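# Per-entry structural report
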Amino acid sequence: MANNSEGEGLLEAAIVTVIVRRLAMDGDDDDRLQEDEWLISCITIPLSSAIILANLVIIVGIVCNRQLHNTPNYFFLSLLVADLCTGIALPFIPRMGLEQSLDFQTCLLVHTFPNFLFLSYLFNLVMVHYERYLCIVSPLHYNQFWVHRCFPVALLAAWVPPLLYASLPAFGWNEWNNDNDTDNANSTLNHTVGSSGYAADPLGDGEVCSYKKVFPVPYIYLEVYGILLPAIVLIAGMTGRVLWITRKQMKVICKLHRAVDRYQTTDSEHRLNLRYAKCLAAVSLIFLLCWVPYITYVNLALGWLKGNGQSRNSTLHIILSCTGIGSMAIIPIILGLANRQYTDPARKVLLKMRDCWRGMRGSTDT
């Protein structure tokens, strides 16, 4: 009897020790989770605000100018709306890598809806490049292409497929039940800690919400290798083709100038070469600033997924995800601000405000 009581006492002491250590780990994990959320907010909120404000300015510029109400600008307007939604969802996208205590419906919503907005932005970006590619490659036959004749169908093609694909986890393609069965097989102490080390739900009031429960590994690979990377390759290919056509046409123009000026290099030829060089430099800079960070983040994220499903450095993962997606979201803003017609209303408002400010200062000085 004495040996049994001593054994029970040792077992109780061991259980108490494990509980105390686990509670201490939960406190550390809660602090780290709060630090990660604070870092995400510090990076994404200013970036998201800038993206939303810039898109609103360009959208107002297109809507207020009736001369811009045509098919190409309608496609670009759809892209701006998608980019605006991506800016709104930007603070929530990096949080998909964190584990939280949410029920099944809420967990699906916070993962699938930002994914739908991001995919719709990508599809609209491809559609805008494709429409302008057709306009440059075949300017005489542009009105005969389906993109121009069936504009509503083309617009639906930019929004419906992302919605259908992003909704697949809601229709059953998820790992929620499998992970719940695994969690039920584990002990109660192991259930209180998520797979990334964060305290998931110590009180057992909710389920552990993670992207690994919503998006299966085949779903992630299909999205990356079947949608994201092909879209980037298509955009790069169409942009390269347009630059090649531009260079070819510029050589023809320069040859005509030389024929008129007796094979001497003219100032107009120098201006054409300089303009092409600036265009090429701008395209290269946009690719380096907007696409390279996102491609780097995707490759590293896939490397982490092939490992244990998480990054060793959560801070690095957060910074790369925020900057990668944010830099990709500024592409329509760069394209919009480069067109003076899109920014004319905002420019006029700023000029009026400046004139009013100068008038007020002049009146106070006198």
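Anything mentioned here points back to the structure above.
Quick notes on the rules
Residues numbered from 1 in each chain as written. Predicted model: local features only at pLDDT ≥ 70, side-chain atom pairs only at ≥ 80, totals over all residues. Heavy atoms only, no water. Helix = DSSP H or I, 4+ residues; strand = E, 2+ residues; numbered from the N terminus. Buried < 20%, exposed > 50% of the residue type's maximum accessible area, 1.4 Å probe, protein only. Contact = heavy atoms within 4.5 Å. Areas by Shrake-Rupley, 256 points an atom, 1.4 Å probe, with all protein chains shown as cover. Disulfide = S-S within 2.5 Å. Axes fitted to C-alpha atoms, helices over the stretch in contact; angles between N-to-C directions. Parallel < 35°, antiparallel > 145°, perpendicular 65-115°, else oblique. Left-handed = near helix turned anticlockwise from the far one by under 90°. Core = buried A, V, L, I, M, F, W, Y, C linked by side-chain atoms within 4.5 Å. Nonpolar A, V, L, I, M, F, W, Y, C, P; charged D, E, K, R; others polar. 1 Å grid on protein atoms, 1.4 Å probe; cavity = no way out; pocket = protein on both sides within 12 Å on 5 of 7 lines; lining within 4 Å. Points joined across faces, edges and corners; volume = space filled by probe spheres on them. Salt bridge = Lys/Arg side-chain N within 4 Å of Asp/Glu carboxyl O. Phe/Tyr/Trp six-rings, centres within 6.5 Å; stacked < 30°, edge-to-face > 60°.

### A look at the overall build of the chain
Each helix and strand counted, the chain has 13 helices and two strands in total. Within the chain, the fraction of its 366 residues that count as buried is 38%. Within the chain, residue pairs in contact and separated by at least 24 positions form 81% of the contacts whose partners lie at least 6 positions apart. Carbon and sulfur atoms make up 64% of the accessible area of the chain, which totals about 21100 Å².

### So, the state of the cysteines
In total, this model carries one disulfide according to the counting rule given. Paired by a disulfide, C107 and C209 hold their sulfur atoms 2.1 Å apart. Taking the torsion about the S-S bond as the criterion, the C107 to C209 disulfide, at about 85°, is right-handed. Note that C107 is positioned in helix α3 (residues 104–137) and C209 in strand β2 (residues 208–209), a separation of 102 residues in sequence.

### Observations concerning the packing of helix α2 (residues 71–89) against helix α5 (residues 151–166)
One way to put it is that α2 packs onto α5 with a least axis distance of 11 Å and a crossing angle of 20°. When the axes of α2 and α5 are compared, the pair comes out roughly parallel. Here α2 runs over α5; the crossing is right-handed. Between α2 and α5, the residues in contact are T71, Y74, F75, S78 and A82 and F151, A154, L155 and W159, respectively.

### What about the environment of N124?
For N124, the position within the fold is in helix α3. Taking C-alpha positions, N124 is 9.5 Å from V81, a pair spaced 43 residues apart along the chain. When near neighbours in sequence (up to four residues on either side) are disregarded, N124 contacts S78, L79, A82, A158 and W159.

### Regarding the nonpolar core
For soluble globular proteins, nonpolar side chains are generally found buried alongside one another. Counting 64 residues, the largest nonpolar core has I62, F76, W291 and Y294 as its most contacted members. It is α3 that provides the largest number of residues to this core, a total of 12 residues.

### Notes on the packing of α2 against α3
Close contact between α2 and α3 brings their axes to 8 Å; oriented N to C, the two are set at 155°. In terms of axis orientation, α2 runs roughly antiparallel to α3. Considering how the two elements wind past one another, α2 and α3 form a crossing that is left-handed. When α2 is examined against α3, the residues P72, F75, F76, S78, L79, A82, D83, C85, T86 and A89 are found in contact with a partner set consisting of P114, L117, F118, S120, Y121, N124, L125, M127, V128, E131 and R132. By residue class, the composition of the contact of α2 with α3 is 14 nonpolar, four polar and three charged.

### Quick notes on the layout of surface pockets
Space inside the largest pocket adds up to approximately 1100 Å³. Considering the residues around the largest pocket, the lining is formed by 33 residues, among which T239, V242, C279, V283 and L335 are closest to the centre. Of all elements in the fold, only α3, α9 (217–260), α10 (267–306) and α12 (331–337) reach the threshold of two or more residues within the lining of the largest pocket. In terms of residues, the lining of the largest pocket owes the most to one element, α9, which gives 11 residues.

### Remarks on the pattern of salt bridges
Applying the stated criterion to the full structure yields one salt bridge. The salt bridge involving D344 is made with R347; its shortest N-O contact spans 2.6 Å. Taken together, the residues D344 and R347, both in helix α13 (residues 340–365) and three residues apart, mark about one turn of the helix. R347 gets classed as partly exposed once you look at its relative accessible area, which sits at 27%.

### Brief notes about the packing of aromatic side chains
Enumeration according to the criterion identifies 10 aromatic pairs in this entry. The interplanar angle of 45° and the centroid separation of 5.7 Å between the aromatic rings of Y74 and F151 together place this pair among those described as tilted. In this pair, Y74 is assigned in helix α2 and F151 in helix α5, connecting sequence segments 77 residues apart. Residue classification places F151 among the buried positions, given a relative accessible area of 18%. Pairing F116 with W159 gives two aromatic rings, centres 6.4 Å apart and planes at 55°, and the pair type is tilted. On the criterion of sequence distance, the pair formed by F116 in helix α3 and W159 in helix α5 is long-range, its members being 43 residues apart. Since its relative accessible area comes to 12%, F116 is described here as buried. An aromatic cluster is built from Y165, W173, F215 and Y219, whose rings are joined through pairwise contacts.

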